[in-house]
Amino acid sequence: MPCPPPSDELVFFVNGRKVIERNVDPEGTLLTFLRKNLRLTGTKYACGGGGCGACTVMVSKNDPVSKKIRHFSVTACLVPICSLYGTAVTTVEGIGSIKTRIHPVQERIAKCHGTQCGFCTPGMVMSMYTLLRNHPQPSEEQLMEALGGNLCRCSGYRPILESGRTFCMDSDGCQQKRTGQCCLDQEESASSTPGRRNEISTKLFSKEEFQPLDPTQELIFPPELLRMTENPEKRTLSFYGERVTWISPGTLKDLLQLKVKHPEAPLILGNTSLGPTVKSQGQFHPILLSPARIPELSVVTKTSEGLTIGAGCSLAQMKDILAERISELPEEKTQTYQALLKQLQSLAGQQIRNMASLGGHIVSRHCYSDLNPVLAVGNAALNLVSAEGTRQIPLNEHFLAGLESTDLKPEEILESVYIPHSRKGEFVSAFRQAQCQQNALPHVNASMRVLFKEGTDSVEDLSIAYGGVGTTTVCAQKSCQQLLGRRWNELMLDEACRLLLDEVSLPGSALGGRVEFKRTLVVSFLFKFYLEVLQELKKLAKLLSVPDSRRYPDISDRFLSAIKDFSVTTPRGVQTYQSVDSCQPLRDPVGHPIMHLSGLKHATGEAMFCDDIPVVDRELFMVLVTSSRAHAKIISIELSEALELPGVVDVITAEDIPGTNGAEDDRFLAVDEVLCVGQIICAVVAETDIQAKRATEKVKITYEDLEPVIFTIQDAIKHNSFLCPEKKLEKGNVEEAFEKVDQTVEGEVHVGGQEHFYMETQRVLVIPKTEDKELDIFVSTQDPTHVQKTVSATLNIPINRITCHVKRVGGGFGGKVGRPAALGAIAAVGAVKTGHPIRLVLDREDDMLITGGRHPLFGKYKVGFMNNGRIKALDVECYINGGCTLDDSEMVTEFLILKLENAYKIRNLRFRGRACRTNLPSNTAFRGFGFPQGTLVTESCITAVAARCGLLPEKIREKNMYKTVDKTIYKQAFSPEPLIRCWNECLDKSSFHSRRTQVDEFNKKNYWKKKGIAVVPMKFSVGFAATSYHQAAALVHIYTDGSVLVTHGGNELGQGIHTKMLQVASRELKIPMSYMHICETSTAAVPNTIATAASIGADVNGRAVQNACQILLKRLEPIIKKNPEGTWEDWIEAAFEQRISLSATGYFRGYKAFMDWDKGEGDPFPYYVYGAACSEVEIDCLTGAHKKIRTDIVMDACCSLNPAIDIGQIEGSFIQGMGLYTTEELKYSPEGILYSRSPNEYKIPTITDVPEEFNVSLLPSSQTPLTIYSSKGLGESGMFLGSSVFFAIADAVASVRRERDIAEDFTVQSPATPEWVRMACADQFTEMNPGSVRVASIQSATCLVQ
Ligand SMILES: Cc1cc2nc3c(=O)[nH]c(=O)nc-3n(C[C@H](O)[C@H](O)[C@H](O)COP(=O)(O)OP(=O)(O)OC[C@H]3O[C@@H](n4cnc5c(N)ncnc54)[C@H](O)[C@@H]3O)c2cc1C
Ligand code: FES
Ligand code: FES
């Protein structure tokens, strides 16, 4: 192969330091460069596709046209390294450090408790930092916009937002009243020392502590770069890599000549379209042309006719340009601009809008493009340029369809886009509906334009374009032609709907499915447009006093609600908790809102996660090869091609395993047969991750498909395919009770699965040692002992040779209980076989494909009740989809059945549960462990009974709730007193009853928007149903300088366990937390640990830490007695002199717990957490969208060890639950391949999904004698409270159906996605689908507008 010519030098700055790269690889991204070349690991990898914001950094650039320095946030995972020529990059390390000075953004996010696992924190910090560089006192709207592209799976966003809000110009202390005054300020000000009164407090941090923001302290734009960009180099720069050449011409002329020479080479601007396709579709471009240094592409020209925007302008710049133009021109001229601006507001997150160019957006012609439909209907034109000259083509249906004659020629480029002003009598609108309001690709979008003959309502011109309904934007040309000359009335609307549905045909097999929903949106959007325009016409007519004869139909106020979109508002809320007893010594930190121990390190990027460990000598990288078949025999595995590739060292197969390869029916590496798509077959080991990844594509596996292939629960039932025997609990006599009740109702409930979506994907580093077969394993897990034992069995070496280390975990939620052991074992086999350290980091797609998640559930119920709503009998049968292996499915089934009764006392009960075996990846533990799915069935019974009795669901709940000391279905005694208190406080604090009336009033007045409100009670059992799972140990060392090292068996997953443990140790040893340190969780320090799960980690480990500290203090007592005035250091010195051991192991034998399934009774759980949540939503009946108006949660935390951490857990789990019940949807192909494998396809809640008002309060004066300092574990319980949003949506849907006289007891289906909501709100438009029974005439439904 000929040697490429030498590359030019790539010059840019990182954190003020000049970087000169002489051999840069154009295929590399900024993220890899930062992490691998510069060892700046603060910037995290979490998705690699621009969808999560974990890798956010700031780029600064001297704009060649405006001559101003532009600072903008980008996702480093999509920034090609070569695109950075002449720019300055600032990473989280560049703005502050614990070692020097932390930045106010870093300080505040930590002190406001905005970090839990901390994996998203550097990205959050950099988004906020960039905002402050541009706007030192931003508005709240700007803050929301800046954070819209950053995902956090732990926190529930509220504290992050609150930290940002402290910089805002309209920042107020709190919250609820929007007056700058907190409703509880009065009580608060009674004492300014937090935590001294045993009163209710709302203060989780002290603003007074914050250092001010001083913009003069920021890194300046490097003068050298300023000089470079002021006298730009015109020379073409070329960077040659192994496979790809990056060419960056300095002039337009050179670019055009290069385009002649390399017509196939794409132009690369934001790389937000090219990047993801290269990654996921394996596209490869040997030459990339970068127009980044060509100013002509960034020129903006305003004329009296229109606006021309350079194709190189970013979408964020375009937003600003449009906003400016809208403010300068009369409204009638800016219709198209307003529609574009509206779409830009919800298109992706801020980082993507900063990177993506207008040209790249248009030319990519994505079917979901939000801008192309508007540009098409707005008669935009594309200014093309080539070496031959310039020309203009219309951005119309032919261009969008990619017809050769109307497209760019290969040697042409798009220079700019001309968008004409709208005219008098012209109206343009845009619509979009996505899984959630912001930062989600649209399911369907549309833009519509109509021009009327002057002074009339007669259509002169009409354009309608849709996205998401075909392979590209679809223009409804024919329909529009046929409607010319028609008057703007319901006759026209009726015909337009029919024509559109005919023209925009979506075959049943359309890409992305959702056919009926999409077809419904096609006409629903039109209806919205019709009303909008009608409204405008009426306004105009009034203004011009048009004579009576031309009066337009009146739109009744009830129907106007169709027009208004949901706005994005900044969430507010109050968090209340009981401060500590006034007798508690000041130095005792227990009960105080202490910041997470790693908070500041999270915020500066100095907190080390597993993959931040520096490269180890001779380290190799491992990438997994997984099955592409759901059920098949492996005929052969051909490795030779892969092994021949450069850098490839080995491929590990099942044959390489010296010990046991998992369980007989759950192999770590497949043998002979695969049971699901995504099952691990073998693993490539290579020198780099890229080499390993490429080699996986060369492993050839031949399969022979096997029968049966089962994916759904229904199929599993049909095939009698189960993983374990049925679990059953029974009380009373169900059959007899059914005979005696007034009514019975039967129903079905479907609850979808859930992906853990921990921000840090699964990762492990195995380091083989040279002696005695020892291995060091650094792993992101909730259960290092399980990893240790599993590796021992796999390698066939004793457990004592293996040490597992867990510094911290970037989120687990149950997903890192079992799976890390298999990954650790495979990596360990690789390490032992090759003799090299092995690093295994799953990319997001593989993680989502391989690891499984929450079990989907199908429930059938029969409930018997009296006409007054008293439930007498309940028979529930649940099936969960366990996937292809047992994993935790039996335990999940047990917990599901045990917890199914929730808060209700029903005399006659029968609960049955089975785990189905299917050909999907094995589902596993997930926060709540079956409870969030099962209780949705129970609560659905309640709503079904309410509907039948004509009573409100809250009445049925209240009537059937446990009220006095009682026994559960499994005969465990408990007192529901805190439950009742939570329920009553929740009703009270949320003003539930008056708001229920307001909701009803609103619904009477609005036809197309409805509100719903729901309150749910909760009884959540904490812990495992086995005593041995509650044992815990700790090891506490006191060193001779008085410093204390605490080690315990729990793992820091973000839930703040280490912080709580030091609070415990501090109270016990009576010394400040600053004396103490926790280094890591290690199997060498504390052996035989139990998984950190089931909400009980802090509780049991706290008892062990307490025990160790008490032992030590006892030993010190004689010394202290002898020298009571001495210091801690004096006592420790004396103890050492007297040969007193300063190290102690603490142990907790565990809470008693057992369950006898044969008898159906036991004491399976040590205690319960009670709570209640009330949520109110508003739904858009035409699109299925919903807005969360308010949530109030009351939770019984007893005496919280740390209210900031506990409230964080409640909020985070509530938001995660809300995701489960509303937006998170797993989609599979008919072959069982998971489609939803990135944040673009799988929507976890974003910051804009947080309820507008979000209040959390911890129930005061609650005690439990059992647990450490009377605290409670709150890790999981909040999940279920997210269902209050679900039931509020269902309440709104029910009110729609009541009004429209449609059956109210519809099948409950979670998540309540926009699709489900829209189709449940059946109307004339849903009925236009071919599958519908009746094709209604819109005209006949004149009630639409009158
Ligand atoms: C996380 C994420 C979320 C997103 N969400 C949305 C969304 O909600 N709605 C939506 O509509 N879009 C969304 N997008 C898509 C995004 O709008 C487009 O990817 C983007 O606009 C493409 O611009 P770019 O500059 O990055 O193009 P690049 O990736 O750099 O280039 C794309 C293509 O355009 C060609 N090209 C670029 N400029 C020119 C030119 N001047 N002349 C000729 N050819 C040119 C290139 O040759 C290349 O083939 C999202 C993307 C991501 C990554
Ligand atoms: S890792 Fe870059 S956006 Fe997710
Ligand atoms: S703290 Fe945000 S993802 Fe964990």
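Counting restarts for each chain: residues are numbered from 1 in the order of the written sequence. Throughout, the order in which chains and ligands are written sets their labels, letters from A for the former and numbers from 1 for the latter. Given that the model is predicted, a residue must reach a pLDDT of at least 70 before its local features are reported, and side-chain atom pairs must reach 80 or more before they are shown or counted; all residues, however, enter totals for whole chains, interfaces and linings. For side-chain calculations, the full set of non-hydrogen atoms in the structure is used, while hydrogens and water are omitted.

A. Structural view of the overall build of the protein. Helix and strand content of the protein: 40 helices and 48 strands. The reference for a compact globule is 2.2 Å times residues^0.38; the radius of gyration itself is calculated from the C-alpha atoms. On C-alpha atoms alone, the protein measures out to a radius of gyration of 32 Å, which is about the 34 Å that the 2.2 N^0.38 rule sets for 1346 residues. Across its three principal axes, the protein shows a C-alpha extent of roughly 95 × 85 × 70 Å. Buried residues are those whose accessible area, probed at 1.4 Å on protein chains only, stays under 20% of the maximum for their type, while exposed residues exceed 50% and partly exposed ones sit between those limits. Per-residue burial over the protein gives 64% buried out of 1346 residues. Should any heavy atoms of two residues lie within 4.5 Å, those residues are considered in contact. In the protein, the share of contacts with a sequence separation of at least 24, taken over all contacts with a separation of at least 6, comes to 78%. Per-residue accessibility takes into account occlusion by the displayed protein chains alone, with areas from the Shrake-Rupley method and a 1.4 Å probe. Entry remark: accessible area of the protein is about 48,500 Å², with carbon and sulfur atoms responsible for 51%. Charged residues are defined here as Lys and Arg on the positive side and Asp and Glu on the negative side; His and the ends of the chain fall outside this count. Where a charge sits is defined by one atom per residue type, namely NZ (Lys), CZ (Arg), CG (Asp) or CD (Glu). Side chains of the protein carry 145 positive and 158 negative charges; the gap between the two charge centres is 3 Å. Numbering of helices and strands runs from the N terminus; a helix is a DSSP stretch of H or I covering at least four residues, while a strand is a stretch of E covering at least two.

B. Structural view of the pairing of strand 15 (residues 426-434). A large share of strand 15 lies buried, amounting to 9 of its 9 residues. In strand 15, alternate side chains face the same way, and those of Glu426, Val428, Ala430, Arg432 and Ala434 on one face and Phe427, Ser429, Phe431 and Gln433 on the other are all buried. Across 9 bridges, the pairing between strand 15 and strand 16 (residues 442-452) is antiparallel. Pairing of Ala430 across the sheet is with Ser447, part of strand 16. Here, any two strands with at least 2 DSSP bridges between them count as paired.

C. Fine view of the packing of helix 3 (residues 104-111) against helix 4 (residues 121-134). Here an axis means a line fitted to C-alpha atoms, over the contact stretch when the element is a helix, while the angle between two N-to-C directions is reported on a 0 to 180 degree scale. The geometry of helix 3 relative to helix 4 is characterised by a closest axis approach of 9 Å and an angle of 130 degrees between their N-to-C directions. In terms of orientation, helix 3 and helix 4 fall into the oblique class. Here helix 3 runs over helix 4; the crossing is right-handed. Side by side, helix 3 and helix 4 meet where Val105, Gln106 and Ile109 of the first sit next to Thr121, Met124, Val125, Met128, Tyr129 and Leu132 of the second. Should an angle fall under 35 degrees it is taken as roughly parallel, and over 145 as roughly antiparallel, whereas 65 to 115 is taken as roughly perpendicular and any remaining angle as oblique. Handedness of a crossing follows from how the near helix is turned relative to the far one, being left-handed for an anticlockwise turn of less than a right angle and right-handed for a clockwise one.

D. Seen up close, the pairing of strand 31 (residues 838-841). Every second residue of strand 31 is oriented toward a common face, with Ile838 and Leu840 on one face and Arg839 and Val841 on the other, all of them buried. The sheet contact formed by strand 20 (residues 620-626) and strand 31 spans 3 bridges and is parallel. Paired with Leu620 across the bridge in strand 31 is Ile838. Relative to strand 31, strand 28 (residues 763-768) runs antiparallel, the two sharing 4 bridges.

E. Region of interest: the site of ligand 1. In these notes, residues near a molecule or strand are those with any non-hydrogen atom within 4 Å of it. Around ligand 1, 34 residues are found, and the nearest of them are Leu269, Thr272, Leu274, Ser357 and Asp370. The contact in question runs from an oxygen atom of ligand 1 to an N or O atom on the backbone of Leu269, over 2.8 Å. N or O atoms closer than or at 3.5 Å make up a polar contact, with two conditions inside protein: a donor-capable atom paired with an acceptor-capable one, and, for residues adjacent in sequence, both atoms drawn from side chains. Contacts to ligand 1 include Leu274, whose backbone N or O atom sits 2.7 Å from an oxygen atom. Notes on ligand 1: free accessible area 990 Å², of which the protein chains cover 94%. Among the secondary structure elements, those contributing two or more residues to the shell around ligand 1 are helix 14 (358-364) and strand 14 (413-420). Examining the composition of the shell around ligand 1, we find that 5 residues originate from one element, helix 14, more than from any other.

F. Focus on the sheet that holds strand 34 (residues 908-916). Across the sheet, 6 strands lie side by side as 26-34-33-32-27-48; this open sheet has mixed pairing. Edge strands, defined here as strands with exactly one partner in the open sheet, are strand 26 (727-731) and strand 48 (1308-1310). The mean inter-strand angle of the sheet, taken between neighbouring strand axes irrespective of direction, is 10 degrees. Direction of pairing for strand 27 (residues 743-751) relative to strand 48: parallel, over a ladder of 3 bridges. Looking across to strand 48, one finds that Val749 is bridged to Val1308. Most of the contacts of helix 30 (residues 931-949) go to strand 32 (residues 857-865), to which it runs at about 40 degrees, and overall it touches strand 27, strand 32, strand 33 (871-881) and strand 48.

G. A look at the nonpolar core. In terms of nonpolar packing, the biggest core is built from 255 residues, with Tyr466, Trp488 and Ile1179 touching the most fellow members. Here Ile1179 is in contact with Phe566, Trp1008, Lys1009, Lys1010, Ala1185, His1186, Ile1289, Ala1292, Val1293, Val1296, Val1317 and Cys1321, once residues within four sequence places are set aside. The definition of a nonpolar core used throughout is a set of buried Ala, Val, Leu, Ile, Met, Phe, Trp, Tyr and Cys residues joined through side-chain atoms within 4.5 Å. Counting residues in hydrophobic clusters, the runner-up holds 74 residues, among them Leu31, Leu340, Met355 and Ala380.

H. The side chain of Glu939, seen in detail. Turning to its location among the elements, Glu939 is positioned in helix 30. By relative accessible area, which is 0% here, Glu939 ends up buried.

I. Here's a closer look at the packing of aromatic side chains. Two rings from Phe, Tyr or Trp (for Trp, the six-membered ring) form a pair when their centres sit within 6.5 Å of each other. Planes less than 30 degrees apart are called stacked, planes more than 60 degrees apart edge-to-face, and all others tilted. Summed over the entire model, instances satisfying the criterion amount to 30 aromatic pairs. Between the aromatic rings of Phe895 and Phe929, the centroid separation amounts to 5.0 Å while the plane-to-plane angle is 65 degrees, which identifies the pairing as edge-to-face. Taken together, the residues span a long stretch of sequence, with Phe895 in helix 29 (residues 889-899) and Phe929 in the loop between strand 34 and helix 30 at a distance of 34 residues. Residue classification places Phe929 among the buried residues on the basis of a relative accessible area of 12%. Pairwise contacts between aromatic rings join Phe427, Phe452, Trp488, Phe529 and Tyr530 into one cluster. It is Lys899 that lies over the ring of Phe1165; its NZ or CZ is 5.1 Å from the centre. Only lysine NZ and arginine CZ atoms are considered, and such an atom sits over a ring when it is within 6 Å of the ring centre and within 35 degrees of the ring normal.

J. Seen up close, the pattern of salt bridges. Any carboxyl oxygen of Asp or Glu within 4 Å of a side-chain nitrogen of Lys or Arg constitutes a salt bridge here. According to the stated counting rule, one finds 83 salt bridges in the structure shown. For the salt bridge of Lys111 with Glu107, the shortest nitrogen-to-oxygen distance reads 2.8 Å. Taken together, the residues Lys111 and Glu107, both in helix 3 and 4 residues apart, mark about one turn of the helix. A relative accessible area of 4% means that Glu107 is categorised as buried. Lys1187 is paired through a salt bridge with Glu1252; the nearest N and O atoms lie 3.5 Å apart. Placement of Lys1187 in strand 46 (residues 1186-1195) and of Glu1252 in the loop between helix 37 (1203-1222) and strand 47 (1253-1258) is noted, with a sequence separation of 65 residues between them.

K. A look at the environment of Glu328. Within the secondary structure, Glu328 sits in helix 11 (residues 315-328). There is a polar contact of 3.1 Å between the side chain of Glu328 and the side chain of Lys302. Within polar-contact distance, the side chain of Glu328 engages the side chain of Arg325 at 2.5 Å.

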